[in-house]
Amino acid sequence: MEEIKETQCCRYKLRNEKEYKELIHRLNRVEGQIRGIKRMVEENAYCPDILIQVSAAKAALDGFSKLLLGNHIRDCVKEDIQAGKEETIEELVSLLGKLMK
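As the structure is a prediction and not an experimental result, all values here were calculated from the model.

**Re the layout of surface pockets**
Approximately 360 Å³ is the volume attributed to the largest pocket. As for the largest pocket, its lining consists of 15 residues, and the residues nearest its centre are Arg 15, Leu 68, His 72, Cys 76 and Leu 95. Taken together, the elements giving at least two residues each to the lining of the largest pocket come down to β2 (11–14), α2 (47–82) and α3 (87–99). In terms of residue count, the dominant contributor to the lining of the largest pocket is α2 (6 residues).

Structure follows, in structure tokens:
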């Protein structure tokens with residue numbers, strides 16, 4: 001079970017090594033894509049070429065979000081519901097509403 005702590009200001013989760021590495025790997029890939037897009041702009045690349053790379057970066061960030069959301073549901077939400085914290089369902093519904101804008 002993952003350790004989820006609550007402090008006065010916020011909640012946080014201690015992730016296992018596998019989850020941490022996978023999330024960081026995906027973020028590093030997105031970061032590299034963004035640097036590549038910046039370089040393309042600096043080098044006056046053709047607009048459609050830049051836009052294709054922007055689309056790829058957005059897809060990579062969406063992949064990161066899906067992974068994080070799946071982990072959140074399988075760990076945090078599941079544990080809260082098992083502990084009787086029904087307010088977690090409303091929190092998830094609200095989160096999904098924000099993500100689907």
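**Structural notes on a nonpolar patch on the surface**
On the surface, Tyr 20, Ile 24, Leu 27 and Leu 61 cluster together to form a nonpolar patch covering roughly 340 Å² of accessible area. Topologically, Ile 24 is positioned in helix α1 (residues 17–42). Take Ile 24: its relative accessible area is 31%, and that puts it in the partly exposed class.

The rules we used
- Residues numbered from 1 in each chain as written.
- Predicted model: local features only at pLDDT ≥ 70, side-chain atom pairs only at ≥ 80, totals over all residues.
- Heavy atoms only, no water.
- 1 Å grid on protein atoms, 1.4 Å probe; cavity = no way out; pocket = protein on both sides within 12 Å on 5 of 7 lines; lining within 4 Å.
- Points joined across faces, edges and corners; volume = space filled by probe spheres on them.
- Helix = DSSP H or I, 4+ residues; strand = E, 2+ residues; numbered from the N terminus.
- Patch = residues over 30% accessible without salt bridge, like charges linked within 9 Å, V, L, I, M, F, W, Y side chains within 5 Å.
- Areas by Shrake-Rupley, 256 points an atom, 1.4 Å probe, with all protein chains shown as cover.
- Salt bridge = Lys/Arg side-chain N within 4 Å of Asp/Glu carboxyl O.
- Buried < 20%, exposed > 50% of the residue type's maximum accessible area, 1.4 Å probe, protein only.

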